[in-house]
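One letter stands for each residue in the lines below.
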Amino acid sequence: PEMGHVAHQLLAVGRSGDTSARIGGDEFALLLHGLQREQALALVATLMERLRWPLVHGDLQVATSGSVGLAFSDSAAGAQGLLRHAVLAMCQAKQRGRNCWVIFNEALHVEAQRRSRLAQSLRRALDEGQLQVAFQPVLDARTNRVTSM
């Protein structure tokens, strides 16, 4: 969606004293102060609904959506940790598809660490020539043509 559209929706649901910012590309942060979890979840539900409102430009309507990652201050040490946890939750929300949100939990952190270790191991294996590429075609029995691999 157009960045102005998203920014407008963030400002519309935020309260005086809350902080909203674009943190890169199509990613935004909304820092909410002094809310209980239930209040924050209600605010996110409102934001998700507003992000589904189409962006209208003249006769053109563009459907929009959002993926939201939530982190609460009791789950992280400091601002950087809180942002890191929110980003992990957002990545999980994006993997689940559009129009959803995920709350950070320790399992997300453990999975992110596991994936990081796996990526490092694969890079090391590539660098050390420990991987071999194998071509395994899938043939259409009627035409004897390769359909995938």
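Our subject is the structure listed above.
The notes below deal with the structure included here. Remember, predicted model here, so these are calculated numbers, not experimental data. (Residues numbered from 1 in each chain as written. Predicted model: local features only at pLDDT ≥ 70, side-chain atom pairs only at ≥ 80, totals over all residues. Heavy atoms only, no water.)

Observations concerning the layout of surface pockets
Take a probe with the size of a water molecule and roll it over the atoms, and the empty space left behind shows itself. Considering only enclosed or pocket space, the largest pocket measures out at about 1,200 Å³ in volume. Lining the largest pocket are 42 residues, and of these Phe-28, Ala-29, Leu-30, Gly-69 and Ala-86 sit closest to its centre. Elements that contribute at least two residues to the lining of the largest pocket include exactly α1 (3-13), β1 (19-24), β2 (27-31), α2 (37-51), β5 (67-70) and α3 (78-96). Here the lining of the largest pocket gets 8 residues from one element, more than from any other, and that element is α3. Residues that form the lining of the largest pocket fall into these classes: 26 nonpolar, 11 polar and 5 charged. Space inside the second largest pocket adds up to approximately 180 Å³. In terms of lining residues, the second largest pocket is bounded by Leu-88, Cys-91, Gln-92, Gln-95, Leu-108, Glu-111, Ala-112 and Arg-115. Secondary-structure elements contributing two or more residues to the lining of the second largest pocket are α3 and α4 (106-127). (1 Å grid on protein atoms, 1.4 Å probe; cavity = no way out; pocket = protein on both sides within 12 Å on 5 of 7 lines; lining within 4 Å. Points joined across faces, edges and corners; volume = space filled by probe spheres on them. Helix = DSSP H or I, 4+ residues; strand = E, 2+ residues; numbered from the N terminus. Nonpolar A, V, L, I, M, F, W, Y, C, P; charged D, E, K, R; others polar.)

Quick notes on α3
Look at α3: 27 Å from first C-alpha to last across 19 residues, which is about the 27 Å you get at 1.5 Å a residue. All buried positions along α3 are accounted for by Gly-81, Leu-82, His-85, Ala-86, Ala-89, Met-90 and Ala-93. Close packing links the buried residues of α3 with β2, β5, β6 (100-103) and α4. Where α3 ends, the next residue or the one after it, Gly-97, has phi of about 120 degrees, a positive value. (Expected span 1.5 Å × (residues − 1). Buried < 20%, exposed > 50% of the residue type's maximum accessible area, 1.4 Å probe, protein only. Contact = heavy atoms within 4.5 Å.)

Regarding the pattern of salt bridges
For the structure shown, the criterion picks out 5 salt bridges. With a shortest N-O distance of 3.0 Å, Arg-52 and Glu-49 are connected by a salt bridge. Judged by relative accessible area, Arg-52 falls into the partly exposed class, the value being 34%. The partner of Arg-142 in a salt bridge is Asp-140, and the shortest N-O contact between them spans 3.5 Å. (Salt bridge = Lys/Arg side-chain N within 4 Å of Asp/Glu carboxyl O.)

Overview of unusual backbone geometry
Not every positive phi belongs to a glycine, and Asn-144 is a case in point at roughly 60 degrees. What makes Asn-144 exposed here is its relative accessible area of 58%.

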